[in-house]
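Reading the structure
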Amino acid sequence: MIRCLTLAAELKRSGRRVLFAVSPDTLDILPTLSTSGFDVVDVDNTPQALIDAANQGCQLLVVDHYVWDETYHRQCRPWAETILVIDDMANRQLDADVVLDQTFGREVGEYNDLVPPHCRVLTGAGYALLRPEFAELKNQAYQHHKTCQAPRRIVVSMGMTDSHNFTKQVLQALSSVDEKLQLDVVLLRQAPHFEDVLCVTKTLDHNVTLHADGVNMAQLLADCDLSIGASGVTALERCCLSLPSITIVMADNQERIAEAMQCAGATINLGWYSKVMEHDIVQAFRDIALNTAQYAQMVDKAVAVCDGTGTKRVVSVIDEVIAA
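First things first, this report covers the structure right here in the doc. Just so we're clear, the structure is a prediction, and the values are computed from it rather than from any experiment. Residue positions are given per chain, counting from 1 as you read along its sequence in written order. Under the rules for a predicted model, residues below a pLDDT of 70 receive no local features and side-chain atom pairs below 80 are neither given nor counted, while totals for whole chains, interfaces and linings still include all residues. Computation of side-chain values: all heavy atoms of the structure, hydrogens and water removed.

**Let's talk about the pairing of strand β11 (residues 245-249)**
- Burial analysis of β11 places 5 of its 5 residues in the buried class, which makes it a mostly covered element.
- The pairing of strand β10 (residues 226-230) with β11 spans 4 bridges and is classified as parallel. From the neighbouring strand, G229 faces β11, where its bridge partner is T247.
- By definition, the crossover connecting two strands over a helix is right-handed if that path, from the first strand to the second, turns clockwise as seen with the strands pointing away from the viewer. Secondary structure counts use DSSP, requiring at least four H or I residues in a row for a helix and at least two E residues in a row for a strand, with both numbered from the N terminus. In this region the chain leaves β10, passes through helix α10 (residues 233-240) and returns to the parallel neighbour β11; the handedness of that crossover is right-handed.
- As defined by bridge partners, β11 adjoins strand β12 (residues 267-272) across 4 bridges and the pair is classed as parallel. Note that in β12 the partner of I246 across the bridge is I268.
- Assessed by its sense of winding, the connection that carries the chain from β11 through helix α11 (residues 252-263) to β12 is right-handed. Classification of residues uses two cut-offs on accessible area relative to the type maximum, computed with a 1.4 Å probe and protein chains only: under 20% is buried, over 50% is exposed, and between them is partly exposed. Strands were regarded as paired on the criterion that DSSP finds at least two bridges between them.

Here it is as structure tokens:
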């Protein structure tokens, strides 16, 4: 949903009216959507519900759902002039005019048999949907990270809701680090294990800030020295801001990007959360903290992954497709 909000903001800046059609549980997970300034309606997961929500039709329908395939899209065709599908799995047939897959390392050819011949396929981190503040802070962040001699301020972000409670495991692991650390923990207050994480933060000898009610993520990543986090879209945000990171795979759609970023030298990937032990986290931290040369290399490798201007590129393609 965060990537949809980013795209919506850019579309709104270009003068378009944006309507979000979401299921009720989306507002529970992301309550800020209701105060985002966009029109929001609750719908069920059927094409008819979309038609009822905006019965005059739409110029562009953006679909971001891992289950819906060409059958769903075709039912929306009489109502939507252009369909853009946001995907990162490349595992099903799609009836779209534009497909956006911002997975680092994804190739256009992987969609050859999944989309109609006329479909524009946009792949890779060059089309990453990042908010404009990430590109704006890119140079500032790079200067900070290139002059960092020993990472001591760490952002921990395992997903805004972290249903697996891996944030707790990371914090417990870092409790054994002797060096005094400043930990910035990002977790929504609505997360199922929020209280558990809050209790752990109170037991640590490190300085801990729990960001539960929103945070300027771009500024936070620019100011921190290291990230321990999941491998979703925030992995691309960290790279844009040249932040070395230790990544953990929390979901199927994160595995490929985590492996690709490690191959690129931008991260240390520990793999699936279910197999990561606390000593793995501590060892990865020490590997980076004690090796200034490796840290500096990771800064350069990370910033080469993503330049932060992908949202504008996507909107430019949307304009071309609509005008054709």
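So much for the structure itself; the text now carries on.
**Topic: the packing of helix α6 (residues 138-146) against helix α13 (residues 292-303)**
- Where helices are involved, their axes are fitted lines through C-alpha atoms of the stretch in contact, as for all axes, and angles between N-to-C directions lie from 0 to 180°. Here α6 crosses α13 at 165°, and the two axes come no closer than 10 Å. Considered as vectors, α6 and α13 are oriented roughly antiparallel to each other. When the axes of α6 and α13 are compared, the crossing they make is left-handed. For the pair α6 and α13, contact is made by K138, Y142, H145 and K146 and by Y295, A296, V299, D300 and V303, respectively. We call two directions roughly parallel when the angle between them is under 35 degrees, roughly antiparallel when it is over 145, roughly perpendicular when it lies between 65 and 115, and oblique otherwise. Less than a right angle of anticlockwise turn of the near helix away from the far helix marks a crossing as left-handed, whereas a clockwise turn marks it as right-handed. In this analysis, two residues are considered to be in contact whenever any of their non-hydrogen atoms come within 4.5 Å of each other.

**A few points about the sheet that holds strand β4 (residues 80-86)**
- An order of β3-β4-β5-β6 is seen for the 4 strands of this open sheet, with the pairing classed as parallel. The open sheet terminates on both sides in strands that have one partner only, identified here as β3 (58-63) and β6 (120-123). Each strand of the sheet is rotated relative to its neighbour by a mean of 15°, with strand direction disregarded.
- In the sheet, strand β5 (residues 98-101) pairs with β6 via 4 bridges, with the strands oriented parallel. Along β6, the bridge assignment pairs L100 with L122.
- Together, β3, β4, β5 and β6 form the strand contacts of helix α14 (residues 310-323), whose direction differs from that of β6 by roughly 180°.

**Digging into α11**
- Restricting attention to buried positions, one finds in α11 the residues Q254, I257, A258 and M261. Across the axial projection of α11, the buried residues extend over an arc of 105°, all falling on one side. Facing away from the buried side of α11 by more than 90 degrees, the exposed set consists of D252 and C263.
- Contacts made by the buried residues of α11 are with β10, α10, β11 and β12. By arc we mean the arc of the directions from the helix axis to the C-beta atoms, nothing more.

From the geometry alone we can't say anything about function, so treat these as descriptive.
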